[in-house]
Amino acid sequence: MDKKMLCQVSGSLRDVYKAIDKNGKGIAFLVDENNTLAGVMTDGDIRRLLLNGCGLNEKICNHIRKEFIFARDDEDPETIRNKFSDKVKIIPVVNKKKQVVQYYEFNSKIHIPIAQPQLNGNEYEYLQDAFLSTWISSSGKYISKFEENFSRYCGARFGVAVSNGTVALHLALVSLGIGAQDEVIVPDITFAATINAVLYTGATPVIVDIEEDGWCIDPDEIEKAITQKTKAIIPVHIYGQPCNMEKICAIAEKYNLKIIEDCAEAHGAEYCGKKVGTFGDIGCFSFFGNKVITTGEGGMCITNNEELHDKMRVLKDHGMKKDRKYYHEVIGFNYRMTNLQAAIGVAQVEKITDVLRWRDELENMYCQKLKGIDGLILQRRDLLNRKKITWLITVLTSPEMREKCFESLTKAGIDVRPFFIPLSEMEIYKPYVFSSKISSKISKMGFNLPTSSEIDSKVVDKIANILSDCLKNRSKNNGEISI
Ligand SMILES: *Cc1c(COP(=O)(O)O)cnc(C)c1O
């Protein structure tokens, strides 16, 4: 407890005045010699007493207010939050003996981040264990444990942990023999890492349009874009939504193409009851700080193909032969993950089911409160055979209204993100565009709302009210949306 907040109730108004002056908070908590709370006094209280003719030497006890607001240390946050008002910004907190133990201060600059890692399981314990073992580099028990546990969770035979999601994609492409002369089909809506990984190999990316309902790569556009040179497809399960894997797998089989799934935003999502990452030759995951589970930075390639698994293992570790130290038979990379990152990963995988359930409930809450708002379209959760997971909450509105919503939400301290800018709209990727009609329309309408663990029904209510106010005022012609 900050002593500067306290003032002995046996003292004079001058003592309170001094305490308030020192702590700079405009309030002092009045306590007896046992630190028991007797009342509070604000700078306003003192000013009023002085105006009424009181002197600073008068005893506090003659002027103490009978009623004042305080909280007990066993009250739940919701109850405590309700005690704050325009007038009450600082509240003393007492224990069972009514002794002051701390205080809560209302922070008008609330900030709800777009995403937040949840590190409340065994993360710290395992990290400490890895640290104390001195195995802090890329050997150690947590690496293989993380690979085993995460690949088993996904339903794949093998997992290869790597430094991040981008190099997971690159490693997958190289292992499948993709290089110069080859073409690889990617969706227009994705994070740039997807296309960059293709470019690193020297292959030519081919950007195709997305589906209107799922926002994932459009299988019909894939088929149209196939040429003699096409070697692979990278379906991206965007914003937690699984791609139409039935159609994509059928196309890949028909034209003898490889499939590398970009699962960076869809850990645990399912198509026909099977987890993403297990449909293609290799599934690539990211464990960046804002993803569903995280290792800070990190990634993994999963596969059911033993030969590909062995190849990836060699390539990620400088291309060194497994049975002959310092003999390199291929040009490899250093794409290793550290044991420290893997330690966090093991703890994250332990609770992935709970995390996904919590995220699902949060999306339910958002849906309930946002579904009645005219002019707002929620991400589809009802597409045939697809079980999406919640990464970021994603909604669409008209481009004009999107700007207004952004402004109001940001002003209220709520972090928002625009939809990914289509690859086709960036100069460096323009030479690779095949089709982009729907993606350019939807990207201007979409934005993400936060999924951090700080969000409760009150925050969702607040977000819903802000959006509802914004969209109520839209004029008929610029506010109409249709997709
Ligand atoms: C985050 C992300 C990646 C890249 O992952 P990093 O771990 O940041 O390298 C790749 N693809 C998609 C779709 C992503 O969202």
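Residues numbered from 1 in each chain as written. Predicted model: local features only at pLDDT ≥ 70, side-chain atom pairs only at ≥ 80, totals over all residues. Heavy atoms only, no water.

Helix and strand counts for the protein come out as 16 helices and 20 strands. If you line up the protein on its principal axes, its C-alpha atoms span 95 × 65 × 40 Å. Buried positions account for 53% of the 483 residues belonging to the protein. Long-range contacts, defined here as pairs at least 24 residues apart, represent 66% of the contacts in the protein between residues at least 6 apart. Here the protein has roughly 23,100 Å² of accessible surface; of this, 50% comes from carbon and sulfur atoms. The distance from the centre of the 64 positive side-chain charges to the centre of the 64 negative ones in the protein is 4 Å. (Helix = DSSP H or I, 4+ residues; strand = E, 2+ residues; numbered from the N terminus. Buried < 20%, exposed > 50% of the residue type's maximum accessible area, 1.4 Å probe, protein only. Contact = heavy atoms within 4.5 Å. Areas by Shrake-Rupley, 256 points an atom, 1.4 Å probe, with all protein chains shown as cover. Lys, Arg positive; Asp, Glu negative; His and termini not counted. Charge placed at Lys NZ, Arg CZ, Asp CG, Glu CD.)

This part takes up the sheet that holds strand S3 (residues 37–42). Strand order in this open sheet of 3 strands is S1-S2-S3, and the pairing throughout is mixed. Each edge of the sheet is formed by a strand with only one pairing partner; in this case those strands are strand S1 (6–8) and S3. Recorded for the sheet is a direction-independent mean angle of 35° between the axes of neighbouring strands. Of the strand pairs in this sheet, S1 and strand S2 (residues 27–31) are connected by 3 bridges, and their pairing is parallel. Across the sheet, leucine 6 pairs through a bridge with phenylalanine 29, a residue of S2. Taken strand by strand, helix H1 (residues 13–23) contacts S1, S2 and S3, and its axis lies near 130° from that of S2. (Pairing = 2+ DSSP bridges. Axes fitted to C-alpha atoms, helices over the stretch in contact; angles between N-to-C directions.)

Right, let's talk about the nonpolar core for a bit. Phe146, Phe150, Ile185 and Ile222 are the most contacted members of the largest nonpolar core, which totals 63 residues. If you look at the next biggest cluster of nonpolar residues, it comprises 30 residues, including Ala172, Ala203, Ile234 and Tyr335. (Core = buried A, V, L, I, M, F, W, Y, C linked by side-chain atoms within 4.5 Å.)

Neighbouring residues of the ligand: 14 residues in total, closest Gly165, Thr166, Glu265, Ser286 and Lys291. Here an oxygen atom of the ligand sits 2.7 Å away from a polar atom, N or O, in the side chain of serine 286. Interatomic distance of 2.8 Å between a side-chain N/O atom of lysine 291 and an oxygen atom of the ligand. Surface burial for the ligand is 93%, taken as the share of its 380 Å² of free accessible area covered by protein chains. Here the shell around the ligand is built from residues that sort into 4 nonpolar, 7 polar and 3 charged. (Near = heavy atom within 4 Å. Polar contact = N/O pair within 3.5 Å; in protein donor to acceptor, adjacent residues only side chain to side chain. Nonpolar A, V, L, I, M, F, W, Y, C, P; charged D, E, K, R; others polar.)

What follows concerns the environment of asparagine 473. Here asparagine 473 is to be found in the loop between helix H15 (457–472) and helix H16 (476–479). For asparagine 473, a relative accessible area of 64% puts it in the exposed group. Counting along the chain gives 132 residues from asparagine 473 to glutamine 341, while the straight-line C-alpha distance between them is 48 Å.

What follows deals with the side chain of glutamate 75. Tracing the sequence through the fold places glutamate 75 in the loop between strand S4 (71–72) and helix H3 (77–81). Side-chain polar atoms of glutamate 75 contact the backbone nitrogen of arginine 72, separated by 2.7 Å. A distance of 3.1 Å separates polar atoms of two side chains, one belonging to glutamate 75 and the other to lysine 83.

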